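Here is what each chain is made of, one letter per residue.
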Protein chains: 2
Amino acid sequence: MRLDDSWFTEACDECGTAFSLHQAHKIHDEQSDFQHIEVYETAKFGKLMVIDGYVMLTTLDNFIYHEMMSHPALFTATDPKHVLIIGGGDSGTLREVLKHAAVQHAVQVDIDERVTRVSEMFFPELCEANADPRAELLFEDGIKYVADAADSSFDVVIIDSTDPIGQAARLFSTEFYTDCQRILRDGGVMVAQSESPLCHLPLIKSMRGNMRDAGFSAVQTLHFPQPCYPTGWWSCTLAGKGIALDAFRYEAAAQRAFTTRYYSADGHRGAANLPFMQEALAD
Amino acid sequence: MRLDDSWFTEACDECGTAFSLHQAHKIHDEQSDFQHIEVYETAKFGKLMVIDGYVMLTTLDNFIYHEMMSHPALFTATDPKHVLIIGGGDSGTLREVLKHAAVQHAVQVDIDERVTRVSEMFFPELCEANADPRAELLFEDGIKYVADAADSSFDVVIIDSTDPIGQAARLFSTEFYTDCQRILRDGGVMVAQSESPLCHLPLIKSMRGNMRDAGFSAVQTLHFPQPCYPTGWWSCTLAGKGIALDAFRYEAAAQRAFTTRYYSADGHRGAANLPFMQEALAD
């Protein structure tokens, strides 16, 4: 069948797939200083944010990504009090981070303030924590922020970036990871979104190699469904500074005092076990 | 963007989504006595089988579905020796079942022999076990087969069906589940594919209710990614006859003597833990 103009479609060349959402009516369109930001209303997925033609998030399914980008790292780091988010302008990851009562300070550094302002307009539920006194929102270059940050000043660094295209490619480099490693305390964890386990294993393998080259002592890739991203299957990769990653704080995760919709302690452990990926990524 | 004719697309009205595969060249097309069977070669997903316009499976990602339709049930049933597969004509589930050395007899009952013959031609790797002396392939009405089968004659019943549309709708009914329950031994497990956790929770809830009404003592829904199905996220639902489902044989699963690509013991446990779904399905 052919889809008519009532569908929004994103095709992924590397995956040989396309994902479409029905009855996509554009309700916002702007060119910021950095990128083209669009928002659509859709039939079943709520609102859809698109940047430079790529799906960023939808109302219906963003909870999976945001929970998996935050809780595994926070339940693995030894004592997460200070958290840095690079990118993540929609503020959904920040909201999850601040569910952890132990977090004293969370800095979100996105180069494009317009992403946050658009998110506040169309995804207000993701921005619930933006006014939390522990939250600090900065709109500047994340790479420069990390380069300038003091040694051992964070417990968790979350790289909530777009795909490794254009400027964002630097967020997947050994140089950047080396700075992230430097600004983490011992027992700290970095986590980065790492694309599709089905179609991007070479990229994931390269990221893991760069993380090790940057001085991280352990790496671990977790998989999760993410309907709105290419292949509907996605991953994040954790890197530990002087800490093993298999032994996360299971009891704390199982007895968490806040609500999650996707994340669970058993799901966390299960996400690390994916035989074909482990075999492909074996060092 | 609009996709041109080089894409195969399946749209799902209920989900408001469409999934497309690039460079889909049709290499087989037939009308069997029961349905329209097509096979395409695709850019990245290998071969694609389509029945009546719906994606059945692809070479690249069928392993997830077939492993999740078989191993959780087989590692949960007390002593699985006799296995019945209703549907499953592509034989991929049968292959996984026969990886279990304890299985003495596995019957696959698909109404349409052409699905199996087409699978043998284009997905020969899924049909590797068809000649196993423990395998019995029948081409007849699965509902009648179950109605005629003796009480307590199977340890596992796998309902590897299409969507609940047309004739297949009967495979989701209390009446059918009642017969499945009757032909299971105590300690036996039935498992059925149960659509998308993101878009089909009402159906899953209804299936679980029907299973309980049919006399099953416990039900459990497991989720897993499935890129080629609507939303890229899918599920199966297990029903136990006189057996709890939370306590599967974890050690046996962890020490399995055969290779899997998706299934792991920790992944199995994790798949049962999905907070928003558990809340929505709570009885």
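Note that the structure is a prediction, hence the values are computed from the model and not measured.

Chemist: How do you make sense of the overall build of chain A when you look at a structure like this?
Modeler: A tally of regular secondary structure across chain A gives 10 helices and 13 strands. Taking 2.2 N^0.38 as the reference for a compact globule, 283 residues should give roughly 19 Å; the C-alpha atoms of chain A span a radius of gyration of 18 Å, in line with that estimate. Taking the principal axes of its C-alpha atoms as reference, chain A extends roughly 55 × 45 × 35 Å. For chain A, restricting intrachain contacts to residue pairs at least 6 apart in sequence, the fraction spanning at least 24 positions comes to 66%. Accessible area of chain A: about 10,200 Å², with a carbon and sulfur share of 50%. Here chain A carries 22 positive and 41 negative side-chain charges, and the mean point of each set is 5 Å from the other.

Chemist: So what exactly am I meant to see when it comes to helix α7 (residues 201-213) of chain A here?
Modeler: Note that an α-helix has 3.6 residues per turn; residues three or four places apart therefore point the same way. All names here are of chain A. For α7, which comprises 13 residues, the first-to-last C-alpha distance of 18 Å matches the rise-based estimate of 18 Å (1.5 Å per residue) to within 8%. Burial in α7 covers these residues: L201, I204, M207, R208, N210 and M211. If you follow the buried residues of α7, they end up packed against α6 (174-183), β11 (184-193), β12 (218-225), β13 (233-240) and α10 (275-281).

Chemist: How should the interface of chain A and chain B be read in this particular structure?
Modeler: Often, the extent of an interface is quoted as the loss of accessible area on bringing the components together. Taken together, the contact pairs 45 residues of chain A with 46 residues of chain B. Note on chain A versus chain B: buried area summed over both sides is about 3,700 Å², and carbon and sulfur give 64% of it. By the criterion of area lost to chain B, the three top residues of chain A are M1(A), R2(A) and L198(A), representing 14% of everything that side buries. Taken together, the connections running from chain A to chain B amount to 2 salt bridges. Of the charged contacts, one joins R2(B) and D5(A) as a salt bridge, the two residues approaching to 2.6 Å between their closest N and O atoms.

Chemist: Can you help me understand the sheet that holds strand β11 (residues 184-193) of chain B in this one?
Modeler: Think of a sheet as strands paired side by side through backbone hydrogen bonds, with each pair either parallel or antiparallel. Residue and element names in this part refer to chain B. Taken in spatial order, the 7 strands line up as β9-β8-β7-β10-β11-β13-β12 in an open sheet, and their pairing is mixed. Both outer strands of the open sheet, β9 (135-138) and β12 (218-225), are each paired with one neighbouring strand and no more. The average angle at which neighbouring strand axes cross in this sheet is 15 degrees, direction not considered. Where β11 and strand β13 (residues 233-240) come together, 5 bridges link them in antiparallel fashion. Across the sheet, Q193 pairs through a bridge with C236, a residue of β13. Across the sheet, helix α7 (residues 201-213) touches β11, β12 and β13, and the angle it forms with β12 is around 150 degrees.

Chemist: Help me out: how do you make sense of the relation of the copies chain A and chain B in this one?
Modeler: The two chain copies are connected by a rotation around an axis plus a translation along it. In the superposition of chain A on chain B (RMSD 0.0 Å, axial shift 0.0 Å), the rotation amounts to 180 degrees. Accordingly, the operation relating the two chain copies is best matched by a two-fold axis. When the interface residues of chain A are mapped onto chain B, 100% of them again fall at the interface, so both copies present the same face.

Chemist: It is not clear to me how the confidence of the model for chain A should be interpreted in this structure. Could you clarify?
Modeler: Per-residue pLDDT for chain A has a mean of 97; in total, 100% of the residues score no lower than 70. Among the scores for the predicted complex, ipTM is 0.96 and pTM is 0.97.

Chemist: Quick question: what am I supposed to make of the pattern of salt bridges here?
Modeler: Oppositely charged side chains may form a pair once their charged atoms are brought near each other. Residue and element names in this part refer to chain A. The tally for this structure, following the rule as stated, stands at 34 salt bridges over all chains. The salt bridge involving R117 is made with E113; its shortest N-O contact spans 2.9 Å. Taken together, the positions of R117 and E113, both in helix α4 (residues 113-122) and 4 residues apart, correspond to about one turn of that helix. Several salt bridges converge on common partners, so that one network encompasses R95, E96, K99 and E128.

Chemist: Looking at this model, I keep getting lost on the packing of aromatic side chains. Mind explaining?
Modeler: Given two aromatic rings, one states the distance between the centres and the angle between the planes to describe the pair. Per the stated rule, a full pass over the model turns up 22 aromatic pairs over all chains. Aromatic pair F176(B) and Y177(B): ring centres 6.4 Å apart, planes at 45 degrees, arrangement tilted. Residue F176(B) shares its accessibility class with Y177(B), and that shared class is buried. Through successive ring pairs, a cluster of aromatic residues spans F63(A), Y262(A), W233(B) and F276(B). Residue placement shows R261(A) over the ring face of F63(A); its charged tip is 4.1 Å from the ring centre.

Chemist: Honestly, unusual backbone geometry in this entry has me stumped. Any pointers?
Modeler: Glycine aside, a negative phi is what most residues show, and trans is what most peptide bonds show. Even without being glycine, E195(A) reaches a positive phi, approximately 65 degrees. Tracing the sequence through the fold places E195(A) in the loop between β11 and α7. Judged by its relative accessible area of 4%, E195(A) is buried. Backbone geometry places S91(B), a non-glycine residue, at a positive phi of 75 degrees. Tracing the sequence through the fold places S91(B) in the loop between β7 (82-87) and α3 (92-97).

Rules and cut-offs
Residues numbered from 1 in each chain as written. Chains lettered and ligands numbered in written order. Predicted model: local features only at pLDDT ≥ 70, side-chain atom pairs only at ≥ 80, totals over all residues. Heavy atoms only, no water. Helix = DSSP H or I, 4+ residues; strand = E, 2+ residues; numbered from the N terminus. Rg over C-alpha atoms; globule rule 2.2 N^0.38 Å. Contact = heavy atoms within 4.5 Å. Areas by Shrake-Rupley, 256 points an atom, 1.4 Å probe, with all protein chains shown as cover. Lys, Arg positive; Asp, Glu negative; His and termini not counted. Charge placed at Lys NZ, Arg CZ, Asp CG, Glu CD. Expected span 1.5 Å × (residues − 1). Buried < 20%, exposed > 50% of the residue type's maximum accessible area, 1.4 Å probe, protein only. Buried area = accessible area lost by both parts, 1.4 Å probe. Salt bridge = Lys/Arg side-chain N within 4 Å of Asp/Glu carboxyl O. Pairing = 2+ DSSP bridges. Axes fitted to C-alpha atoms, helices over the stretch in contact; angles between N-to-C directions. Least-squares fit on C-alpha atoms with pLDDT ≥ 70 in both. pLDDT = per-residue confidence, 0-100. Phe/Tyr/Trp six-rings, centres within 6.5 Å; stacked < 30°, edge-to-face > 60°. Lys NZ or Arg CZ within 6 Å of the ring centre and 35° of its normal.

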